[in-house]
Amino acid sequence: MKKITIGARGSKLSQAYVNKVKELILRNNENFSKDSIVVKTIKTSGDIYNKSKLSEIGGKKLFCKEIEEDLLANNIDIAVHSLKDMESEEHSDLMIGAFIKRNDPREALISEKIKDLNKLKPNTKIGSSSRRRELQLKRVNKNFNFVNIRGNIDTRINKFPNNNLDGIILAVAGVKSLNLEKKISLIFETSQMMPALGQGIIAAQCRKNDMFVQNILKEINDNDTSLCAKAERNLLKTIGGDCDTAIGGLAIINGQNLILKAELFSDDGRDKFTCEITDKIDEAFKIGKTAGQKLLELAGSKFKIK
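This section reports on the structure supplied with the text. Keep in mind that this is a model prediction, so the values were computed, not measured. (Residues numbered from 1 in each chain as written. Predicted model: local features only at pLDDT ≥ 70, side-chain atom pairs only at ≥ 80, totals over all residues. Heavy atoms only, no water.)

Further remarks concern helix α10 (residues 284–299). If you check α10, its first and last C-alpha atoms are 23 Å apart, about what 16 residues at 1.5 Å a residue would give, namely 22 Å. Restricting attention to buried positions, one finds in α10 the residues A284, I287, G288, A291, G292, L295 and A299. Looking straight down α10, one finds that the buried residues subtend no more than 130° of arc, so they occupy a single side. Buried residues along α10 sit against α9 (223–239), β11 (247–254), β12 (257–265) and β13 (272–280). Of the residues flanking the end of α10, it is G300, one or two places downstream, whose phi is positive at about 55°. (Helix = DSSP H or I, 4+ residues; strand = E, 2+ residues; numbered from the N terminus. Expected span 1.5 Å × (residues − 1). Buried < 20%, exposed > 50% of the residue type's maximum accessible area, 1.4 Å probe, protein only. Arc of directions from axis to C-beta. Contact = heavy atoms within 4.5 Å.)

Following this line, the structure appears as structure tokens:
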């Protein structure tokens, strides 16, 4: 049996995602053995320059750039990413061959000090590198004060108490994937904090001309997750913007309908614009585009596409 190589970042979370993809491939392809799937760790610019805000060094695509270059150079056969780290437009020679069944898309607070969000002390310091999260949390309680913090999830969890922080905000999916859910103080409902588009979804990417790998990935693709991802990614593509654009959204399947809820903050962060679009599940792309156009219409001159 031909060997295939999976490439991803070297963080514990990325490797957990690789193992998930590997397990699914083995479960769905009896001709594969563990030895026929090789894993290659790739250091990305996002890992190397982990002290600066992503918006200052080129955006979230820096977590994917080197991995995609290895895929294009035939050094790997499958690239595994967290979907929310990917650009809404892929390289013309690449495609997402499988969207793995979505994990919990919500946001979590990690803190030993904060037990009640209604009883925060002034200047409560929270670690975050996301403008979206910061603007959302300010609406939950104005006493939140944010400090830029980046790095792998496990590193951030272990490090933040020594940085004089009262807590940090992380994606529930990432925390649970590392079996660190005991560290979670509370989970925000999506009505409080709309997640990043694509949050909780693992994407397995391949070359468009590699039908062998495409057929392997087709077997592990989760159809409902795929439809939701397509709607959310087309929303992001329609909005444009960059890493600093404060936008959140979540698509869900309800019977034969797909419901996409989304929100966009103005450039100055003072205003929030929301919409909800529902249509048949086979209209996922259209739903994403319609939601994006609606948000741009609502925001008008208060949001400018970068």
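Moving on: the side chain of Q15. Assignment of secondary structure puts Q15 in helix α1 (residues 12–28). Given the relative accessible area of 19%, Q15 is considered buried. Beyond its immediate stretch of four places on either side in the chain, Q15 contacts A8, R9, G10, V39 and T41.

Two strands in a sheet stick together by hydrogen bonds in their backbones, pointing the same way (parallel) or opposite ways (antiparallel). One open sheet accounts for three strands, arranged β11-β12-β13; its pairing is antiparallel. Unpaired on one side and paired on the other, β11 and β13 mark the two borders of the sheet. Taking the axes of each pair of neighbouring strands and ignoring which way they run, one obtains an average angle of 10° across the sheet. One ladder, built from eight bridges, connects β11 with β12; its direction is antiparallel. (Pairing = 2+ DSSP bridges. Axes fitted to C-alpha atoms, helices over the stretch in contact; angles between N-to-C directions.)

What follows deals with the pairing of strand β5 (residues 107–110). Across the two faces of β5 the burial is the same, with E107 and L109 and A108 and I110 all buried. In terms of strand pairing, β5 meets strand β8 (residues 167–171) through four bridges, oriented antiparallel. Across the sheet, the residue bridging to E107 is A171, located in β8. Where β5 lies against strand β9 (residues 184–188), four bridges are found, and the strand directions are antiparallel. Within β9, the position partnered with L109 by the bridge is L186.

What follows covers the sheet that holds strand β4 (residues 94–99). The mixed open sheet is built from five strands, whose spatial order is β2-β1-β3-β10-β4. Looking at which strands have only one partner, the edges of the open sheet turn out to be β2 (37–41) and β4. The average angle at which neighbouring strand axes cross in this sheet is 30°, direction not considered. As paired elements, β4 and strand β10 (residues 202–207) share five bridges and run antiparallel to each other. Within the sheet, the bridge partner assigned to F99 lies in β10 and is A203. Most of the contacts of α1 go to strand β1 (residues 4–8), to which it runs at about 155°, and overall it touches β1, β2, β3 (78–82) and β10. On the sheet, helix α8 (residues 211–218) packs against β1, β3, β4 and β10 and is oriented at approximately 160° with respect to β10.

Attention now goes to the nonpolar core. Among the nonpolar cores identified, the biggest contains 35 residues, and I25, I78 and V80 are the most heavily contacted of them. Each residue touching I78, except ones within four places of it in the same chain, is listed here: I4, T5, I6, G7, I25, L71, A204, Q205, V213 and L217. In this structure, L235, L236, I239 and I287 belong to the second largest nonpolar core, which totals 23 residues. (Core = buried A, V, L, I, M, F, W, Y, C linked by side-chain atoms within 4.5 Å.)

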